[in-house]
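Fold and geometry: a report
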Amino acid sequence: MSSAPLAGVRVLDFGGGESDGVTRLLADLGADVLKIEPPGGSPARLQMPMVEGTSIPFAINNANKRSAVLDPESVADRKRLVEFAGTADIIVDGGIPGGANAFGTSFEVLAQRFDHLVALSVTDFGSTGPYATWRASDAVLCGLSTALSRTGPASGTPVLPPGGVASATAVVQATWAVLAAYYRRLRCGKGDYIDLSRLEAILQCFDPPFGAQGQAASGQQRNLNSWRGRPRNQQIYPIFPCKDGYVRISVLSPRQWRGMRAWLGEPDQFADPRFESVAARYTVSRELNAAIAEIFAPETMDDLVAEGQQRGVPLAAVLTPAEALSTEHFRSTGALIDAEITAGGTLAIPAGPFLIDGRRAGYVRSAPSPGVDETAWLTERSASPAAADTNAVGLFRPFDGMRIIDLGVIVAGGELGRLFADLGAEVIKVESADYPDGLRQAMPGEVMSRSWAVTHRNQRSIGLDLRHPSGADLFSRLVAEADAVFANFKPGTLASLGFSYETLRNLNPRIVLAESSAFGATGPWSTRMGYGPLVRAATGITRMWTSEHSGHDTFYDATTVFPDHVVARITAIAALAAIVNRDRTGIGAHVHISQAEVALNHLAAEYVVEAARCAQLEVADETAVHAVYPCRGDDEWCVISVQSDLDRTALATVMGRRSLPQERSELIDTVAKWTAGIDKNEVANLLQRVGMSAAPMLRVDDVLTDPQIAFRNLFTDMVHPLFDTPIPTETGFAPNTAIPPAELRPAPMPGEHTHEICHKVLRLDADEIDRLIAEGVMFTHQGRSL
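A brief look at the structure comes next.

What counts and how
- Residues numbered from 1 in each chain as written.
- Predicted model: local features only at pLDDT ≥ 70, side-chain atom pairs only at ≥ 80, totals over all residues.
- Heavy atoms only, no water.
- Axes fitted to C-alpha atoms, helices over the stretch in contact; angles between N-to-C directions.
- Helix = DSSP H or I, 4+ residues; strand = E, 2+ residues; numbered from the N terminus.
- Parallel < 35°, antiparallel > 145°, perpendicular 65-115°, else oblique.
- Contact = heavy atoms within 4.5 Å.
- Nonpolar A, V, L, I, M, F, W, Y, C, P; charged D, E, K, R; others polar.
- Pairing = 2+ DSSP bridges.
- Patch = residues over 30% accessible without salt bridge, like charges linked within 9 Å, V, L, I, M, F, W, Y side chains within 5 Å.
- Areas by Shrake-Rupley, 256 points an atom, 1.4 Å probe, with all protein chains shown as cover.
- Salt bridge = Lys/Arg side-chain N within 4 Å of Asp/Glu carboxyl O.
- Lys, Arg positive; Asp, Glu negative; His and termini not counted.
- Charge placed at Lys NZ, Arg CZ, Asp CG, Glu CD.
- Left-handed = near helix turned anticlockwise from the far one by under 90°.
- Expected span 1.5 Å × (residues − 1).
- Buried < 20%, exposed > 50% of the residue type's maximum accessible area, 1.4 Å probe, protein only.
- Phe/Tyr/Trp six-rings, centres within 6.5 Å; stacked < 30°, edge-to-face > 60°.
- Lys NZ or Arg CZ within 6 Å of the ring centre and 35° of its normal.
- Polar contact = N/O pair within 3.5 Å; in protein donor to acceptor, adjacent residues only side chain to side chain.

Before going further, it helps to spend a moment on the packing of helix H21 (residues 564–585) against helix H22 (residues 595–602). Close contact between H21 and H22 brings their axes to 10 Å; oriented N to C, the two are set at 95 degrees. Relative to H22, the element H21 is oriented roughly perpendicular. Mapping the contact onto sequence places Asp 564, Val 566, Val 567 and Ile 570 in H21 and Gln 595, Val 598 and His 602 in H22. Residue composition of the contact of H21 with H22, grouped by class: 4 nonpolar, 2 polar and 1 charged.

Written as structure tokens, this is what we have:
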């Protein structure tokens, strides 16, 4: 893996289930990851579910690593561990207490002793605050992050998202944080200590209550104080039964609506031009969906998908996980491969989400057996720490001086640019007058949407027509002096504009092009139109997002934004890894991330277990009971995870019972009768005191006053001149010792900085700028600068 983007980066892994996925992503990108295990192996090797006696979560999250055994009881091994940690670039730990504590040290101590180290600690709630000793499960994290409050029926029991989705989200945020801190280390010579809370990570990038939420939630954002967070828009991306299953449509643009109306036979009742608006169609959704259901019912999923493609109507089959695994698309792209991860033979597994220069940076070898490797590194360091400027280090952001030309749109594209802008990059947003970004759609009476305001803070906007020859020339000049170009158009769009990667590379051999799309750049589905709801449908996630109360043919993922925010961070991780390699070799790269492949890898364990069942292998499922329970008050709920016999005993004791039923439904009914008369916060406190994972279900308006979230300063107020009140926004990726909080410069109006960029970056004089604007090559905002 010497040619991989992170080749030569040394990562020492002390962690367990909370952090194993972080070092797997770094290993996929070429880092030398050495896992330190105690005699007998890591406890995470026993994590359920298991196939043929092999823990699938451990097998997935520890592929591509090496393993060495050190004994915490040995004085020599304790000394060896500390000395060896000093030779690493990155150290990763998880849990309280972390693995390093067993050796008589801590990450804070190691980070202070070796100031070049980037030390990442991944815990449920962070190392400080009133919840610092609390325990969390994936379900508990969904409850506290507001994700639970926005999934399920409009009334009745909320529905938990698929198991594992929240924890995997925290892994992605943690990987972005540690890689950004490492890049800063390469530039200034000083390391960092990152105290990452899984809850805070999920609040920022699973389905963030104060992030860009897309059009599905734009109406709900108008008055956060009055919205109690229960879903009301389950038909915003409707699902229809058909001859052999279900299909989902995602009709957003006027052109897509015209295709759908023609499919319906141009009915007079929907002929009014006002129905080109999503909001107008929503007001007649009952009648409209009935008409669509009638023509879809006798057709097959495949025929409907093909017809939708022909008519320009975004549509996807709602596949089961097994059906998704069997599709030709994922096999042809290498997203799914056969690997020997159990004693029972080969299984289909997701190979990893990263595609760089057309090659997958992913699964190479299976998780190691305990102690098969020496406590030694395979290679020399890729780069020595730079000489630190001690006068600047305290204010130094990772991407200070970096320039990015950003063509990204909606959530996944817009969020990618923001991640770099928050950490110091100069991000120039290129906007089109003819094709404005969907996030710019504001509610009546608003000049700017909240989603745009939070997604495009710290950026500058130039209005530029890339289809005009002079506009293409100006864009070429921007590229020639940039570090990266970001885009998330349908594959082939950049090339049709005259800016394929080959063209960009000719303009600037050091350029990194980072793209994402719904289904990737290659394969049978690559030309399909796609949005997050269609990606979830086609990958089987919609089928997983169901309720035991409503049956498996009722789906509750309509109002989530997953996987858009996760895709943005996966793209950012791959782009930054390519930049690390570019700085070392002088050669740029082309990153392309498939949203569908991100979804597959995000829930990789679920898919592998499904593949094992299809192969009729022995599967031992998780025995834990994660459930949502009613609490005192109007529509108030809590989440409790019963994960062991000790938990059962503890819960029974708190309830004043000798024992609890063994059968799942009887257990849930019994506990529900107890919780129904108790405040949700009291339930959580009672059970956390006896070591159980439990939490209240928080809504958006609960978050800012939650004691743990407030204590950790996760959110800050962002003032924007177009909004009467401050907008809550995240302070930074995680508490750390080296990187200042994000700046909060206001998000721009379209073309607000056209004159400034043309003058300072393109070095045009005022007369030439005015001429180009008059000719329609560029446009500028007519109001005052924000």
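So, on to the sheet that holds strand E3 (residues 50–51). If you walk across this open sheet you meet the 3 strands as E4-E3-E22, and the pairing is antiparallel. What marks the edges here is a single partner per strand, and that holds for strand E4 (54–55) and strand E22 (619–620). Of the pairings in the sheet, the one linking E3 to E22 comprises 2 bridges and is antiparallel in character. By the bridge assignment for E22, Met 50 is matched with Ala 620.

Residues Asp 244, Glu 299, Asp 302, Asp 303 and Glu 323 make up a contiguous surface patch of negative charge. Mapped onto the fold, Asp 303 is located in helix H11 (residues 301–311).

Across the junction of Met 48 and Pro 49, the peptide omega takes the value 0 degrees, indicating a cis bond. As for its position among the elements, Pro 49 is in the loop between strand E2 (32–37) and E3. With an omega of -5 degrees, the peptide bond running from Ile 96 to Pro 97 counts as cis. Along the chain, Pro 97 falls in the loop between strand E6 (90–94) and helix H4 (107–113). Positive phi, close to 75 degrees, is recorded for Thr 146, a residue that is not glycine. Considering the arrangement of structural elements, one finds Thr 146 in the loop between helix H5 (138–144) and helix H6 (165–188).

Bringing the packing of H6 against H21 into the picture now. Packed helix pairs are specified by the crossing angle of their axes together with the interaxial distance, meaning the distance between the axes. Taken N-terminus to C-terminus, the directions of H6 and H21 make an angle of 25 degrees; their axes are 9 Å apart at the nearest point. Classed by the angle they form, the pair H6 and H21 counts as roughly parallel. Where H6 crosses over H21, the two elements pack in a sense that is left-handed. Residues Thr 169, Val 172, Gln 173, Thr 175, Trp 176, Leu 179, Ala 180, Tyr 182, Tyr 183 and Leu 186 of H6 form the contact with H21, whose own contacting residues are Val 566, Arg 569, Ile 570, Ala 572, Ile 573, Leu 576, Ala 577, Ile 579, Val 580 and Asp 583.

Between the first and last C-alpha of helix H14 (residues 410–422) there are 18 Å, a value that for 13 residues agrees with the 18 Å anticipated at 1.5 Å per step. Of all 13 residues making up H14, 12 are buried, and the element is well covered by its neighbours. Those residues of H14 that fall on the buried side of the exposure criterion are Val 411, Ala 412, Gly 413, Gly 414, Glu 415, Leu 416, Gly 417, Arg 418, Leu 419, Phe 420, Ala 421 and Asp 422. Looking one or two residues beyond H14, the residue adopting positive phi is Gly 424, at roughly 110 degrees.

This paragraph deals with the packing of aromatic side chains. In total, this model carries 21 aromatic pairs according to the counting rule given. Ring centres of Phe 206 and Phe 562 lie 5.9 Å apart, and the angle between their planes is 70 degrees; on these two criteria the pair is classed as edge-to-face. Of the two residues, Phe 206 is situated in the loop between helix H7 (198–205) and strand E9 (239–242) and Phe 562 in the loop between helix H20 (541–544) and H21; the sequence distance between them amounts to 356 residues. Phe 206 sits in the buried class, given a relative accessible area of 1%. Here Phe 562 falls in the buried class, since its relative accessible area comes to 1%. One aromatic cluster in this structure is built from Trp 176, Tyr 183, Phe 399, Phe 420 and Phe 486. Here Arg 440 stacks its cationic end above the ring of Trp 452, 3.7 Å away from the centre of that ring.

Okay, the sheet that holds strand E24 (residues 636–642) next. If you trace the 3 strands from one edge of the open sheet to the other, you get E23-E24-E25, paired in antiparallel fashion. If you trace the sheet from one side to the other, it starts and ends with strand E23 (625–631) and strand E25 (693–696), each paired once. Between one strand and the next, the sheet's axes are offset by a mean angle of 15 degrees, whatever the strand orientation. The pairing of E23 with E24 spans 7 bridges and is classified as antiparallel. Counted as the bridge partner of Pro 630 is Trp 637 from E24. Across the sheet, helix H25 (residues 664–675) is in contact with E23 and E24; its angle to E23 comes to roughly 30 degrees.

Tracing the chain through its elements places Ser 693 in strand E25. One polar contact links Ser 693 to Gln 643, side chain to side chain, over a distance of 3.4 Å. When sequence neighbours within four positions are dropped, the list of residues in contact with Ser 693 reads Arg 135, Ala 136, Ser 137, Val 140, Val 639, Ile 640, Ser 641, Gln 643 and Gln 688.

Moving on: the environment of Arg 255. Note that Arg 255 resides in helix H8 (residues 254–263). With 57 residues separating them along the chain, Arg 255 and Gly 312 place their C-alpha atoms 7.8 Å apart.

What follows concerns the pattern of salt bridges. Following the criterion strictly, the structure yields 43 salt bridges and no others. A salt bridge links Asp 89 to Arg 185; the nearest nitrogen and oxygen atoms lie 3.1 Å apart. In this pair, Asp 89 is assigned in the loop between helix H3 (75–85) and E6 and Arg 185 in helix H6, connecting sequence segments 96 residues apart. Note on Asp 89: relative accessible area 1%, which makes it buried. The partner of Asp 115 in a salt bridge is Lys 190, with the nearest N and O atoms 2.6 Å apart. On the criterion of sequence distance, the pair formed by Asp 115 in the loop between H4 and strand E7 (118–123) and Lys 190 in the loop between H6 and strand E8 (192–197) is long-range, its members being 75 residues apart. Within the structure, one salt-bridge network assembled from shared partners comprises Arg 403, Glu 426, Arg 460, Glu 481, Glu 756 and Arg 763.

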